[in-house]
Amino acid sequence: MKTKALKAAFPHTLPICIGFLFLGMSYGFLMRSKGFSFVYPMLMSLFIFAGSMEFVTINLLLSAFHPLYGFFLALMVNARHLFYGISMLEKYKNTGWKKAYLIFGMCDESFSIHCAVKPPPGVDKGWFLFFITLLNQIYWVSGATLGALLGYVIHFDTTGIEFVMTALFVVMFLNQWEDHAKHRPALTGLFCALLSLLACGADRFILPAMALIVLCLSVSRKKSPKQSP
Amino acid sequence: MTTPQRILTILSVVLGTMLTRFLPFLLFPEGKTPPKYISYLGSVLPCAAIGFLVIYSLKDAVFSAFHGLPEILSILLIALLHRWRKNTLLSIGAGTVFYMYLAQTWFL
């Protein structure tokens with residue numbers, strides 16, 4: 001039963017494999033270039049398992065100690081998981097002990113496959129979903145670890161390599177821009193953050209920015225109640 | 001930051017991340033539908049968070065010697081390349097290499 005589910009799941013994860021190895025490696029390599037041991041990207045990719053937040057955590061680790069910032073930032077950056085979770089309430093039903101792992105490993109990519117793909121006839125749904133999540137996590141953790149290990153042997157001027165994080169977010173921004181007809185939420189996030197940054201400075205703008213974003217989004221919902229989905 | 005502080009920071013991030021993943025399943029077990037306001041936030045926050053992240057990743061560049069000029073040039077290249085080829089990995093790779101070139105040659 002397990003082999004059958006694994007065989008059915010594997011082809012769906014192949015495109016993710018390439019992307020995760022590439023991004024995971026650049027994440028691991030970046031951490032190594034900032035002086036962290038490979039254990040950090042390995043464990044962070046295993047336990048956080050949310051790409052953008054892992055990049056952000058590098059910054060947190062390099063600045064002053066503010067664990068509450070980390071917590072709230074993770075809530076905000078990963079708020080999309082709430083939405084994913086709400087859409088997966090039905091699908092993850094009756095999957096037994098695997099349900100906890102499916103929720104733990106619910107990254108954007110696993111979620112998108114889970115949304116789009118149904119297990120073929122005769123394949124157990126729980127194991128099928130489980131292997132998609134597991135394979136994706138294996139790609140990501142391997143990529144991050146491998147990238148950091150490469151950082152020990154390959155040496156070149158890495159000045160500016162941290163821009164990979166900005167590049168990732170810009171491309172994510174462009175992709176969601178294409179995918180959504182309404183651009184107000186994206187622009188709200190962009191301008192509320194910029195305004196808070198200019199008003200409060202780089203070290204203190206995160207919480208005001210998050211509060212402002214939630215406030216603006218709530219106000220714009222009240223103004224146009226019919227627009228809420 | 002000391003190692004225990006690093007571990008605490010990572011744990012707080014893990015906790016925040018896991019809360020976003022487990023909360024819906026804890027709040028709405030078996031068929032309970034979430035309130036409209038929560039579903040609304042769930043539908044608009046993802047896009048807003050990406051906009052926030054773009055600014056977050058530029059937070060130090062704005063106040064640097066060049067006020068974000070190399071960053072803006074690289075973002076322009078990414079936007080053009082992404083419009084043209086729509087290849088996520090190509091856009092990220094080329095944008096990063098271009099920025100590294102700028103940061104190591106023209107914008108020292």
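Residues numbered from 1 in each chain as written. Chains lettered and ligands numbered in written order. Predicted model: local features only at pLDDT ≥ 70, side-chain atom pairs only at ≥ 80, totals over all residues. Heavy atoms only, no water.

1. Focus on the nonpolar core
By size, the foremost hydrophobic cluster in this structure holds 100 residues, and its most contacted members are A:M53, A:L73, B:F52 and B:Y56. Ranked by the residues each element gives to this core, the list is headed by helix α2 (residues 36-57) of chain B, at 13 residues. With sequence-adjacent residues up to four places away left out, B:Y56 is seen in contact with A:V56, A:N59, A:L60, A:L73, A:M165, A:F205 and A:I206. (Core = buried A, V, L, I, M, F, W, Y, C linked by side-chain atoms within 4.5 Å. Buried < 20%, exposed > 50% of the residue type's maximum accessible area, 1.4 Å probe, protein only. Helix = DSSP H or I, 4+ residues; strand = E, 2+ residues; numbered from the N terminus. Contact = heavy atoms within 4.5 Å.)

2. Things to note about the confidence of the model for chain A
For chain A, per-residue confidence averages 87 on the pLDDT scale, and residues scoring 70 or more make up 97% of the total. Per-element averaging of pLDDT across chain A places helix α7 (residues 108-116) of chain A at the bottom with 77 and helix α2 (residues 39-47) of chain A at the top with 96. (pLDDT = per-residue confidence, 0-100.)

3. Things to note about the interface of chain B and chain A
Listed per partner, the contact involves 69 residues of chain B and 90 residues of chain A. In total, about 7,100 Å² of surface goes out of reach between chain B and chain A, with carbon and sulfur atoms giving 79% of it. Contact with chain A buries surface across chain B, with B:R21, B:F25 and B:F52 losing the most and accounting together for 11% of the total. In this assembly, chain B and chain A are joined by 0 salt bridges. (Buried area = accessible area lost by both parts, 1.4 Å probe. Salt bridge = Lys/Arg side-chain N within 4 Å of Asp/Glu carboxyl O.)

4. Some thoughts on the domain arrangement of chain B
Note on interface size: it is often stated as the accessible area lost on association of the parts. Each assigned domain of chain B is listed with its residue range as follows: domain 1 (1-32), domain 2 (36-60) and domain 3 (63-108). Here the C-alpha centroids of domain 1 of chain B and domain 3 of chain B sit 33 Å apart. (Domains from an automatic or database assignment.)

5. Structural notes on the side chain of A:K98
Relative to the helices and strands, A:K98 is located in helix α6 (residues 98-104). Apart from the residues lying within four places of it in its own chain, the contact partners of A:K98 are A:G126, A:W127 and A:F130.

6. As for a nonpolar patch on the surface
All names here are of chain A. A surface patch of nonpolar side chains, amounting to about 470 Å² of accessible area, comprises L149, Y152, V153, I154 and F156. In this structure, Y152 sits in helix α8 (residues 125-153). Judged by relative accessible area, which is 33%, Y152 ranks as partly exposed. (Patch = residues over 30% accessible without salt bridge, like charges linked within 9 Å, V, L, I, M, F, W, Y side chains within 5 Å. Areas by Shrake-Rupley, 256 points an atom, 1.4 Å probe, with all protein chains shown as cover.)

7. Comments concerning the environment of A:R221
With respect to the secondary-structure elements, A:R221 resides in helix α11 (residues 206-223). Residue A:R221 is classed as buried on the basis of its relative accessible area, which comes to 19%.

8. Some points on the pattern of salt bridges
Residue and element names in this part refer to chain B. Scanning all chains against the criterion turns up 1 salt bridge over all chains. K59 is the partner of D60 in a salt bridge, and the nearest nitrogen-oxygen pair spans 3.5 Å. Accessibility expressed as a relative area gives 48% for D60, which makes it partly exposed.

9. Points about unusual backbone geometry
Residues and elements named next belong to chain A. For F49, which is not a glycine, the phi torsion comes out positive at approximately 45°. Mapped onto the elements of the fold, F49 is located in the loop between α2 and α3 (51-62). The phi torsion at N94 lies on the positive side, around 55°, for a residue other than glycine. Tracing the backbone through its elements, the reader meets N94 in the loop between α5 (80-88) and α6. A relative accessible area of 75% places N94 in the exposed class.

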